[in-house]
Amino acid sequence: MLDRLSVNGLLRWVLAAMTVVVLLALAGNAWEAWRRLAVTDRMQVAANASGHAFKAMHSLRTDRATTVRNLNAPGQIDPGVQKYLQSFRDAEMPAMRAAAELAETIEFADKRALVPELQRATQMLAALQSESTDAFAKPKAARRETLGADYMAVTKTLLEVLDKLSARLFAAIKHNDPFIDQMLEMKQLAWMVRNSGGDASLLVSIGLTAGKLEPTARIDHARHVGGSEIAWAALEDMAFGTELPARLVQAVATAKSTYFGPDYTGNRERLLSALIAGEKTDMTANQWGPYAVPKLATLLAVAEEALEVAKEHAQVQRGAAQRD
């Protein structure tokens, strides 16, 4: 009887010990799954906020150049140019507000400085856009003298803040998932190409507005073009050897054939040479923008696709964490 009780007791003790071990293992797995769920949520928010920031930066560059150029022009803005300009304003304002709202929901470096600055500068830009729209209908003498300079300053601030915000968001989620790191790095490189390419395009636009360029402009142009080519080579190296979704592969191919294609690069070089030589050109600054910006927009498509792929990957990881 004593032996049987001892065996029964021992069995109960073993079963109890095994139950505790299993429960601890399940609790550990659940805790790890909960942690992964929180991480994937942060990844999705950061990718969404970064996407809005990139879209805003792309539109802001065109908005700034077109607005300042037409504010400095003596006559009223052409209705077609104003419609073209408004399309970028309609894209950038919601994107900046969305980026700020999403950024408020996660923690990252310099958040307390960057988010309020983004909100403040966005409000300032909204007021300047309203004022500039009214000013376009007036002759230059009737416009506020510093309006163009104020618009340039605010958009410059916004571009810097959005660039920093995007970089800080990337840093906040880095090293949690190698594939998402790769996609966000490709997005950052696409912006570097767009940024340098935009500077090269802006140089031509400035020359078309003034009717000429100094010989030193060729050096500046070469620096901007070289910067975009280096960043593009880095982007292609990062994509090499990775099985990417077909739509991202197509976006990269389209950007390469369009932005780096002979049609665009040849025309840019031809106009640059004519402006440096003081020769008459067959395009105006207001014609150059609608021609060049769609080429630059193909780089935006690369960044957007990379972000979408990152978000989809994070969603799959989030679903797995929820099931666990």
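One can find the structure itself at the top, above this paragraph.
Asker: Pulling in residues and values, what's your account of the packing of helix α3 (residues 111–136) against helix α4 (residues 147–173)?
Answerer: Direction vectors running N to C along α3 and α4 enclose 150°, while the axes themselves pass 9 Å from each other. Viewed along their axes, α3 and α4 adopt a mutual orientation that is roughly antiparallel. Viewed along their axes, α3 and α4 form a crossing whose handedness is left-handed. Facing α3, whose interface residues are L114, E117, L118, A121, T122, M124, L125, L128, Q129, E131, S132 and A135, α4 presents L147, D150, Y151, V154, T155, T157, L158, V161, L162, K164, L165 and R168. Tallied by class, residues from the contact of α3 with α4 come to 14 nonpolar, five polar and five charged.

Asker: Describe helix α7 (residues 246–259), naming the residues involved and giving the relevant values.
Answerer: Taking 1.5 Å per residue as the helical rise, α7 with its 14 residues ought to reach 20 Å, and the 20 Å between its terminal C-alpha atoms agrees with that figure. Residues of α7 that are buried include every one of L248, A251, V252, A255 and Y259, and no others. The arc that holds the buried residues of α7, viewed along the axis, is 95°, so those residues lie on one side. Projecting away from the buried face of α7 at angles above 90 degrees are the exposed residues A246 and S257.

Asker: For helix α5 (residues 178–210), give the residues involved together with the corresponding values.
Answerer: With 33 residues, α5 extends 48 Å between its outermost C-alpha atoms, agreeing within 8% with the 48 Å of an ideal straight helix rising 1.5 Å per residue. For α5, the N-terminal cap is D177; the gap from its side-chain oxygen to the backbone nitrogen of F179 is 3.0 Å. Just downstream of α5, G211 is the residue with a positive phi angle, here 90°.

Asker: I'd like a description of the pattern of salt bridges, backed by residues and values.
Answerer: What the rule picks out here adds up to 15 salt bridges. In this structure, E269 and R218 form a salt bridge, with 2.6 Å as the shortest nitrogen-oxygen distance. Taken as a pair, E269 in helix α8 (residues 262–277) and R218 in helix α6 (residues 217–239) lie far apart in primary sequence, 51 residues in all. Taking the relative accessible area as the measure of exposure, E269 reaches 31% and is therefore partly exposed.

Each value, and the rule that gives it
Residues numbered from 1 in each chain as written. Predicted model: local features only at pLDDT ≥ 70, side-chain atom pairs only at ≥ 80, totals over all residues. Heavy atoms only, no water. Axes fitted to C-alpha atoms, helices over the stretch in contact; angles between N-to-C directions. Helix = DSSP H or I, 4+ residues; strand = E, 2+ residues; numbered from the N terminus. Parallel < 35°, antiparallel > 145°, perpendicular 65-115°, else oblique. Left-handed = near helix turned anticlockwise from the far one by under 90°. Contact = heavy atoms within 4.5 Å. Nonpolar A, V, L, I, M, F, W, Y, C, P; charged D, E, K, R; others polar. Expected span 1.5 Å × (residues − 1). Buried < 20%, exposed > 50% of the residue type's maximum accessible area, 1.4 Å probe, protein only. Arc of directions from axis to C-beta. Polar contact = N/O pair within 3.5 Å; in protein donor to acceptor, adjacent residues only side chain to side chain. Salt bridge = Lys/Arg side-chain N within 4 Å of Asp/Glu carboxyl O.

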